[in-house]
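# A closer look at the structure
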Amino acid sequence: MPATSRCRICDGTVHEFFDFGRQPLSDAFVDPAAPGEEFFFRLATGICETCSMVQLMAEVPRDRMFHEDYPYLSSGSTFMREHFGKLAERFRTTELTGEDPFVVELGCNDGVMLKALADAGIRHLGVEPSGGVAKLAAAKGINVRNAFFEEATAEEIAAGEGKADVIYAANTLCHIPYMASILRGVTTLLAPDGVFVFEDPYFADIVERTSFDQIYDEHFFFFTVRSVRAMAEHHGLELVDAERLPVHGGEVRYTLALPGARTPTPAVARLRDEEEARKLADFETLRRFGDRVRQNCDDLVGLLEKLRDEGKRVVGYGATAKSATVLNHCGIGPDLLAFVSDTSPTKQGRLTPGSHIPVRPPAEFADPYPDYALLLAWNHAEEIMAKEQQFRDAGGKWIHYVPEVRVA
Ligand code: SAM
Ligand code: TMP
Ligand code: ZN
């Protein structure tokens with residue numbers, strides 16, 4: 001009998017469909033001078049038979065993941081800076097045009113989205129539990145509250161600042177298992193005609209592209225239009241828009257409002273119908289996804305072992321949180337990848353969690369270029385391949401593993 005757990009949205013039964021085994025925390029890069037003991041947990045995914053929400057079978061305590069040293073810096077990608085800049089401008093000219101508008105962002109990180117709104121003089125607040133990145137946002141002149149957003153935080157903000165016209169979260173809501181508290185907080189804080197907008201990896205794209213490394217400790221929920229609609233209804237909100245986004249390997253930006261406050265756009269029903277046609281909530285679809293994950297890992301390890309045996313120099317590119325899943329689940333260590341190049345000063349000099357591959361600054365990637373680079377940051381492929389043209393010119397080859405393993 002496959003394992004079951006209780007749904008964190010509706011308390012229905014969640015049926016496990018894939019077990020990644022023992023995994024470390026994806027952002028717990030190890031200091032080689034003070035390695036300490038790493039935390040491991042069982043990473044497995046299931047689907048709720050009632051509301052169809054895909055979720056992890058076990059939860060990691062939040063303070064283990066989001067703390068003073070949380071290393072992910074949102075401003076690291078030029079493409080993402082532009083993405084958030086455009087959204088800030090859209091908010092400024094649509095939702096934030098009333099008298100003294102107020103916007104709250106959950107998980108504002110280093111302030112990549114709020115900066116433009118702060119510069120435009122718009123009343124704003126970022127809620128960010130990870131102290132280090134919250135300080136970076138504050139240093140840019142952004143108002144930040146160093147706390148986890150939940151019902152009590154929302155009540156305090158509403159009491160002190162009043163209701164919000166926009167509540168926004170990017171790559172954050174899917175990180176939060178305690179959704180009932182979050183959505184009660186949103187309902188408390190949202191102005192009657194306000195919107196709660198969030199964008200996260202789209203489960204349909206994960207299945208379609210076999211991008212199994214989107215599954216790791218911090219990504220607790222994997223949203224679809226169907227499951228988000230059920231989640232909204234369960235918590236007294238309404239899904240009024242859904243927009244596909246070309247970032248992070250495929251996301252959807254969902255807009256929730258108080259029931260009846262906004263007219264749902266046709267995109268909601270259209271995407272929902274597409275999901276039905278693709279049988280996204282069928283166990284058989286999920287089982288086949290699991291088969292493809294196993295094949296993908298076998299192919300990747302086979303290729304890396306062959307290259308090692310041929311004496312080729314192979315490194316990883318981008319010490320993403322995602323790469324913890326592919327490196328640990330497939331069993332890829334320093335014998336197969338000499339190091340991983342990464343732009344984040346917070347990760348350089350450390351070892352990848354669990355797999356213990358050294359993380360080095362990009363200068364070392366070019367000194368000299370390796371024969372092959374495994375593109376771990378595949379979600380930034382366009383930006384990276386453009387900026388690393390010299391690697392190709394020098395005869396270097398990229399190894400891709402999503403949607404399947406190929407060398408190009
Ligand atoms: N919004 C940024 C982006 O899209 O690049 C940052 C995303 S980062 C992957 C997730 C962020 O959510 C982290 O900075 C983390 O500290 C924050 N976070 C986690 N739990 C939270 C909560 N309950 N309330 C607010 N932020 C939270
Ligand atoms: P993400 O997939 O969570 O956005 O993380 C991307 C990681 O890849 C982050 O650690 C920064 C790193 N990175 C590079 O090393 N070079 C790059 O050009 C880009 C865009 C990201
Ligand atoms: Zn459920």
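Residues numbered from 1 in each chain as written. Chains lettered and ligands numbered in written order. Predicted model: local features only at pLDDT ≥ 70, side-chain atom pairs only at ≥ 80, totals over all residues. Heavy atoms only, no water.

## Section: the pairing of strand 6 (residues 123–127)
Where burial is concerned, most of strand 6 is hidden: four out of the five residues are buried. Examined bridge by bridge, strand 5 (residues 102–106) and strand 6 share five bridges and lie parallel to one another. Of the residues in strand 6, the one forming a bridge with glutamate 105 is glycine 126. Crossover strand 5 to strand 6 through helix 3 (residues 114–119) is right-handed. By the bridge criterion, two bridges tie strand 6 to strand 7 (residues 144–145) in an arrangement that is parallel. Residue pairing in the sheet places glycine 126 in a bridge with valine 144 of strand 7. Each parallel crossover has a hand, and the one from strand 6 via helix 4 (residues 131–139) to strand 7 is right-handed. (Buried < 20%, exposed > 50% of the residue type's maximum accessible area, 1.4 Å probe, protein only. Helix = DSSP H or I, 4+ residues; strand = E, 2+ residues; numbered from the N terminus. Pairing = 2+ DSSP bridges. Right-handed = clockwise from strand over helix to strand, strands pointing away.)

## A look at the coordination of the zinc ion (ligand 3)
Only Cys7 (SG), Cys10 (SG), Cys48 (SG) and Cys51 (SG) from the protein coordinate the zinc ion (ligand 3), and they sit 2.3 Å from it. Around the zinc ion (ligand 3) sit four donor atoms; with metal-centred angles ranging over 101 to 116°, the donor geometry is tetrahedral. Read in sequence order, the donor residues coordinating the zinc ion (ligand 3) give the pattern C-x2-C-x37-C-x2-C. Each member of the pair cysteine 48 and cysteine 51 is classed as buried. (Donors = N, O, S within 2.8 Å, 3.2 Å for Na, K, Ca; no water. Tetrahedral: all angles 85-135°; square planar, octahedral: opposite > 155°, others 65-115°.)

## Focus: the sheet that holds strand 3 (residues 40–48)
Strand order in the open sheet formed by five strands is 1-2-3-4-10, and the pairing between neighbours is antiparallel. Looking at the sheet topology across the chains shown, the edges are occupied by strand 1 (4–6) and strand 10 (221–222). Note that strand 2 (residues 13–24) and strand 3 share nine bridges and pair antiparallel. Looking at the pairing, arginine 22 lines up with arginine 42 of strand 3. Of the strands in this sheet, strand 2 and strand 3 touch helix 10 (residues 283–309), which is tilted by about 15° from strand 2. (Contact = heavy atoms within 4.5 Å. Axes fitted to C-alpha atoms, helices over the stretch in contact; angles between N-to-C directions.)

## Points about the site of ligand 1
Lining the immediate surroundings of ligand 1 are 20 residues, of which Ser74, Gly107, Glu128, Ser130 and Asn171 lie closest. Here tyrosine 178 contributes a side-chain N or O atom positioned 2.9 Å from a nitrogen atom of ligand 1. In isolation ligand 1 has 600 Å² of accessible area, and contact with the protein removes 97% of it. For the shell around ligand 1, the class distribution of residues is 11 nonpolar, seven polar and two charged. (Near = heavy atom within 4 Å. Polar contact = N/O pair within 3.5 Å; in protein donor to acceptor, adjacent residues only side chain to side chain. Areas by Shrake-Rupley, 256 points an atom, 1.4 Å probe, with all protein chains shown as cover. Nonpolar A, V, L, I, M, F, W, Y, C, P; charged D, E, K, R; others polar.)

## Side note on the UniProt feature "domain: C-methyltransferase" (unreviewed entry) in the protein chain
If you check UniProt for "domain: C-methyltransferase" (unreviewed entry), the listed places come out as residues 246–403 in our numbering. Between the C-alpha atoms that bound residues 246–403 the distance is 15 Å, and the span itself is 40% helix and 15% strand. (UniProt positions renumbered as here; feature names shortened; annotations may be inferred.)

## A short note on the packing of aromatic side chains
In the structure shown here, the tally under the stated rule is 19 aromatic pairs. Taken together, a centroid distance of 6.1 Å and an interplanar angle of 85° make the contact between phenylalanine 223 and tyrosine 254 edge-to-face. Remark: tyrosine 254 occurs in strand 12 (residues 251–257) and phenylalanine 223 occurs in the loop between strand 10 and helix 8 (225–234); sequence separation between them is 31 residues. By the burial criterion, phenylalanine 223 is buried, and tyrosine 254 matches it. Geometrically, the ring pair formed by phenylalanine 391 and tryptophan 398 is edge-to-face, given 5.0 Å between the ring centres and 75° between the ring planes. An aromatic cluster is defined as three or more aromatic residues linked by ring pairs; in this entry it consists of Phe196, Phe198, Phe220, Phe221, Phe223 and Tyr254. Between lysine 322 and the ring centre of tryptophan 378, over which it is positioned, the NZ or CZ distance is 5.7 Å. (Phe/Tyr/Trp six-rings, centres within 6.5 Å; stacked < 30°, edge-to-face > 60°. Lys NZ or Arg CZ within 6 Å of the ring centre and 35° of its normal.)

## What to know about the site of ligand 2
Taken together, the neighbourhood of ligand 2 is formed by 18 residues, with Asp342, Lys347, Asn379, His380 and Lys387 sitting nearest. Between an oxygen atom of ligand 2 and a side-chain N or O atom of serine 344, the distance comes to 3.3 Å. Within the side chain of lysine 347, an N or O atom sits 2.8 Å from an oxygen atom of ligand 2. Protein contacts shield 94% of the accessible area of ligand 2, which totals 490 Å² for the unbound molecule. Sort the elements by how many residues they give to the shell around ligand 2 and helix 13 (residues 381–387) lands first, with three residues. For the shell around ligand 2, the per-class residue count stands at five nonpolar, eight polar and five charged.

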